[in-house]
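Each chain, written out:
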Amino acid sequence: MSSGGPERRAATERLSPAAWLRDRVGWDGIAHLAAKKEVPIHRYTLLYYLGGMALFLFLVQVATGILLLLYYRPSAAEAFESVQYIMAEVPFGWLIRSIHSWGANLFVGVVILHMASVFFLKAYRAPREMTWISGVLLLFLALGFGFSGYLLPWNTLAFFATKVGTDVPAQIPGIGLLLSRILRGGSDVTGATVSRFYGIHVAILPAITTLLLGVHLVLVQQKGMSVPLSVEGTKPRTMKFVPDFLLRDMVGWLIAVGLLAGLAAFLPWELGQKAEPFAPAPAGIRPEWYFLSMFQFLKYLPAEIAGIPGELLGILFFGALAAVLVLVPVLDRGASLGRPSPSLRSPAARVRHAAAS
Ligand code: HEM
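Residues numbered from 1 in each chain as written. Predicted model: local features only at pLDDT ≥ 70, side-chain atom pairs only at ≥ 80, totals over all residues. Heavy atoms only, no water.

A.B. asks: Help me get a handle on the site of the ligand, residues and values and all.
C.D. replies: Neighbouring residues of the ligand: 25 residues in total, closest Tyr48, His114, Gly135, His216 and Ser226. Here a nitrogen atom of the ligand sits 2.9 Å away from a polar atom, N or O, in the side chain of His216. Contact between the ligand and Ser226: an oxygen atom at 2.7 Å from a side-chain N or O atom of the residue. Mapped onto the shell around the ligand, the elements with two or more residues apiece are helix H4 (49-69), helix H6 (93-120), helix H7 (129-151) and helix H10 (191-223). The element that contributes the greatest number of residues to the shell around the ligand is H7, accounting for six residues. (Near = heavy atom within 4 Å. Polar contact = N/O pair within 3.5 Å; in protein donor to acceptor, adjacent residues only side chain to side chain. Helix = DSSP H or I, 4+ residues; strand = E, 2+ residues; numbered from the N terminus.)

A.B. asks: Kindly report on the coordination of the iron atom of the ligand, identifying the contributing residues and their values.
C.D. replies: At this site the iron atom of the ligand is bound by His114 (NE2) and His216 (NE2), with donor distances of 2.1 to 2.2 Å. For the iron atom of the ligand, the six donor atoms in the first shell make angles of 86 to 179 degrees at the metal, so the coordination geometry reads as octahedral. Note that His114 is positioned in helix H6 and His216 in helix H10, a separation of 102 residues in sequence. Residue His114 is classed as partly exposed on the basis of its relative accessible area, which comes to 22%. (Donors = N, O, S within 2.8 Å, 3.2 Å for Na, K, Ca; no water. Tetrahedral: all angles 85-135°; square planar, octahedral: opposite > 155°, others 65-115°. Buried < 20%, exposed > 50% of the residue type's maximum accessible area, 1.4 Å probe, protein only.)

A.B. asks: Help me get a handle on the side chain of Ser98, residues and values and all.
C.D. replies: Inspection of the secondary structure assignment puts Ser98 in helix H6. The exposure class of Ser98 is buried, given its relative accessible area of 0%. If we ignore the near neighbours within four places in the chain, the residues touching Ser98 are Gly103, Ala264, Pro268 and Trp269. (Contact = heavy atoms within 4.5 Å.)

A.B. asks: Please provide a residue-by-residue account of the layout of surface pockets, values included.
C.D. replies: The volume enclosed by the largest pocket comes to roughly 1,600 Å³. If you trace the largest pocket, you find 46 residues lining it, with Phe140, Leu143, Phe291, Met294 and Phe318 closest to the centre. When residues of the lining of the largest pocket are traced back to their parent elements, those giving at least two are H6, H7, helix H8 (156-167), helix H9 (176-184), H10, helix H12 (289-300) and helix H13 (310-326). In terms of residues, the lining of the largest pocket owes the most to one element, H7, which gives ten residues. Here the residues of the lining of the largest pocket are counted per class, giving 35 nonpolar, eight polar and three charged. (1 Å grid on protein atoms, 1.4 Å probe; cavity = no way out; pocket = protein on both sides within 12 Å on 5 of 7 lines; lining within 4 Å. Points joined across faces, edges and corners; volume = space filled by probe spheres on them. Nonpolar A, V, L, I, M, F, W, Y, C, P; charged D, E, K, R; others polar.)

A.B. asks: With reference to specific residues and values, describe the pattern of salt bridges.
C.D. replies: If you walk through the whole model with that rule in mind, you get eight salt bridges. Residue Lys240 pairs with Glu38 through a salt bridge whose shortest N-O separation is 3.5 Å. Highlighted residues: Lys240 in strand E2 (residues 237-240) and Glu38 in strand E1 (residues 38-41), separated in sequence by 202 residues. Taking relative accessible area as the criterion, Lys240 reaches 35% and is therefore assigned partly exposed. Note that Arg125 is salt-bridged to Glu232, the shortest N-O span being 2.9 Å. You can see Arg125 sitting in the loop between H6 and H7 and its partner Glu232 sitting in the loop between H10 and E2, a full 107 residues away along the chain. Its relative accessible area of 5% is what places Arg125 among the buried residues. (Salt bridge = Lys/Arg side-chain N within 4 Å of Asp/Glu carboxyl O.)

A.B. asks: Go over the environment of Gly176 with me, naming the residues and quoting the values.
C.D. replies: For Gly176, the position within the fold is in helix H9. Once residues lying within four places of it in the same chain are set aside, the contact partners of Gly176 are Pro169 and Ala170.

A.B. asks: Tell me about the environment of Arg128, and name the residues and values.
C.D. replies: Note on placement: Arg128 falls in the loop between H6 and H7. A relative accessible area of 15% means that Arg128 is categorised as buried. Put simply, Arg128 and Met225 are 97 residues apart on the chain and 9.6 Å apart in space, counted from C-alpha to C-alpha. Not counting the four nearest positions on each side in its chain, Arg128 is found in contact with Ala123, Lys223, Gly224, Met225 and Ser226.

As far as function goes, none of this settles anything; it's purely spatial.
Dropping the structure here:
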């Protein structure tokens, strides 16, 4: 049992406010970690800023999203009007909504760029396989945010695009119809879909994303920053994370805020027309750009290929693509040994690669 010595001393000693707080909260471990963290310097160092940029944009989405939900009403009768009210009546509502909408696009774009940079630098190789897998899951969540948020203003474009989008799972044999019904909250896209998507968008996805983001960031801390294969084995120069890298990170965040404010002011996000569920679908229905390739691919597939419904084949194709993305570290196990990627293993491919580089 403790004699109570140190505790009694801490309770009676006169400490400065900072020392008092440090004593009570005990953040020495975090401060020590931050002081120790170093970032390697090489020709690709710029790419290290993309992860922090994704994190910043996610926080912008959380902050602006919380402000929006103070006025937004998740029902078919009121959703459109509540967004109209936010745009026209709420002080700075137009700014917050436009930043949230542009920010969503920027967030998905930066996450894709971050993933591409990690992919091309082969940062998924051992021991960072789990960091990659948690990252792919975060990408899926980011797409989920985009899909669920698109319907919320209840405008024509979003209504019909969501109709098409929620019809896709219905093609899966067996559980497809049930899946589609669960997503829609019924057999069609209605006010029930809006409240469902709202719950997914503001509660379910943020909770899972926050958890997974925590895992992703802890993994990044535990394994440290990777260096490209071309730098491995050498001893690259480094810079301190605090304050050198963090201050540079912040310059990037400031530029992002400027860009978002500029986009919101000069190209305010449009609201369009209120959805009319019984009106015919207008021309030019399209989802957000990050679903466009999937949308067009499914649209142009023939109704049947070798007796199998075309859409089902399309879904299987994208499902397989998602699985390949998750399994990249397993599929390219040779990466940690410096072997070329599986796509470059044939002699002809190697000759082409050597000629190109
Ligand atoms: C919400 C989305 C995401 C956020 C906020 C995020 C955040 C971060 C941050 C702050 C870092 C450390 C700095 C850096 O190396 O850039 C990082 C590293 C990393 N991320 Fe992400 N990330 C996200 C999505 C992804 C995705 C989609 C992937 C890949 C599929 C991924 C894979 C990785 C890997 C492998 C590292 C370690 C890189 C290295 O050590 O060089 N992340 N992430």
